[in-house]
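# Remarks on the overall topology
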Amino acid sequence: MYNPDADLLTLEKLEEARKVLQSSGLIYHTPVLHRVQTLCGLDPSIDLYLKLESMQNTGSFKIRGVVNQMAHIPDSAARGETQLISMSAGNFGKAFAYMVKQRGLKATVFMPDTAPVNRAELIKSYGLDVGRMPTSDLQPAVDRCVRESHMHFLHPFDDIHLMAGHGSVGLELPE
């Protein structure tokens, strides 16, 4: 849902996120390959760069966003007094689970029942509870847990801190 009063992602927020990521010790400054267009079967006149975020410890850039997002959770959640909840069957869920384990917290992830079983098992292996349900039931189930169990929801895409963490990768490109 569009919110005209939502925070805007600014260069300042990207720079703040970068500082959080650098101090975390969990994010790698991944290499950039240049002129790889022919390796990809593309026209040689294209000037293609590849940022190898697949080398991050969870296999994607999503860990950047989650590290920054987790740096901004309420104190009660950071102390483990409030359980975290999210929803994802993708790389966000994997990064979220990794960070929950790194911080020694408790969390639940809801995922669509169509998600691969091995992804649910991977997230469980980090110590999280996993609930599987139809996609249309994910957000209502999260909302119920927030309302009834007072969990703190980390949104898998609509979060300014998450976006700033993801976007910080762009600050590395000119280096």
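Presented here is a report on the structure given in the accompanying data block. Since we're looking at a predicted model, the values are computed, not measured. (Residues numbered from 1 in each chain as written. Predicted model: local features only at pLDDT ≥ 70, side-chain atom pairs only at ≥ 80, totals over all residues. Heavy atoms only, no water.)

## Focus: the pattern of salt bridges
Side chains that differ in charge, positive against negative, can pair when their charged atoms come close. Inclusion rule: Any Lys or Arg side-chain nitrogen found within 4 Å of a carboxyl oxygen on Asp or Glu counts as a salt bridge. For helices the rule is a DSSP run of H or I covering at least 4 residues; for strands it is a run of E covering at least 2, with both sets numbered from the N terminus onward. Relative accessibility thresholds used throughout: buried, under 20% of the residue-type maximum; exposed, over 50%; partly exposed, between the two (1.4 Å probe, protein chains only).
What the rule picks out here adds up to seven salt bridges. E53 is the salt-bridge partner of R64, the closest N and O atoms lying 2.6 Å from each other. Taken together, the residues span a long stretch of sequence, with R64 in helix 2 (residues 62-70) and E53 in the loop between strand 2 (49-51) and helix 2 at a distance of eleven residues. Given a relative accessible area of 1%, R64 falls into the buried group. Residue class for E53 comes out buried when judged on its relative accessible area of 9%. With its nearest N and O atoms 2.9 Å apart, the salt bridge here joins R79 to E81. In this structure, R79 and E81 share a single accessibility class: exposed. Salt bridges sharing partners connect three or more residues here, namely K51, E53, R64 and E172.

## A closer look at the nonpolar core
The nonpolar side chains of a soluble globular protein tend to be buried, and buried together. To keep things clear, this is the line we draw: For the purposes of this section, nonpolar cores are sets of buried Ala, Val, Leu, Ile, Met, Phe, Trp, Tyr and Cys residues that join through side-chain atoms within 4.5 Å. Contact criterion: two residues are considered in contact whenever any of their non-hydrogen atoms come within 4.5 Å of each other.
Judged by nonpolar contacts, the single largest core of 27 residues is most densely connected at M70, L84, F96, M99, V100 and L128. Listed by contribution, the elements that provide at least two residues to this core are helix 2, helix 4 (91-103), strand 4 (107-112) and helix 5 (117-125). The element best represented in this core is helix 4, accounting for seven residues. Other than its neighbours up to four places away in sequence, F96 contacts V66, L84, I85, S86, A107, T108, V109, L128 and L154. Within the second largest apolar cluster, nine residues are counted, among which are I85, F110, V142 and M151.

## Considerations on unusual backbone geometry
Positive phi outside glycine occurs at R35, with the angle close to 60 degrees. Topologically, R35 is positioned in the loop between strand 1 (32-34) and strand 2. In this structure, H150 takes a positive phi of about 60 degrees despite not being glycine.

## Examining helix 7 (residues 160-167)
What counts is decided by this rule: Between N or O atoms, a polar contact is any pair within 3.5 Å; within protein, one atom must be a potential hydrogen donor and the other a potential acceptor, and residues adjacent in sequence are included only when both atoms are from side chains.
Every buried residue belonging to helix 7 is among I160, L162, A164, G165 and H166, and all of these are buried. On its buried face, helix 7 sits against helix 1 (11-24), helix 2, helix 4 and helix 8 (169-172). Where helix 7 begins, the capping side chain belongs to D159, and its oxygen is found 2.8 Å from the backbone nitrogen of H161.

## Let's talk about helix 1
For clarity, the threshold we go by: The span expected for a helix works out to 1.5 Å for each residue beyond the first. Directions drawn from the helix axis to the C-beta atoms are what define this arc.
The first and last C-alpha atoms of helix 1 sit 20 Å apart over 14 residues, in line with the 20 Å expected at 1.5 Å per residue. Burial in helix 1 covers these residues: L14, A17, R18 and L21. Down the axis, helix 1 shows its buried residues gathered within 105 degrees of arc, on one side only. Facing away from the buried side of helix 1, by more than 90 degrees, are the exposed residues E12, K19 and S23. Check the buried side of helix 1 and you find it contacts helix 2, helix 7 and helix 8. Looking one or two residues beyond helix 1, the residue adopting positive phi is G25, at roughly 75 degrees.

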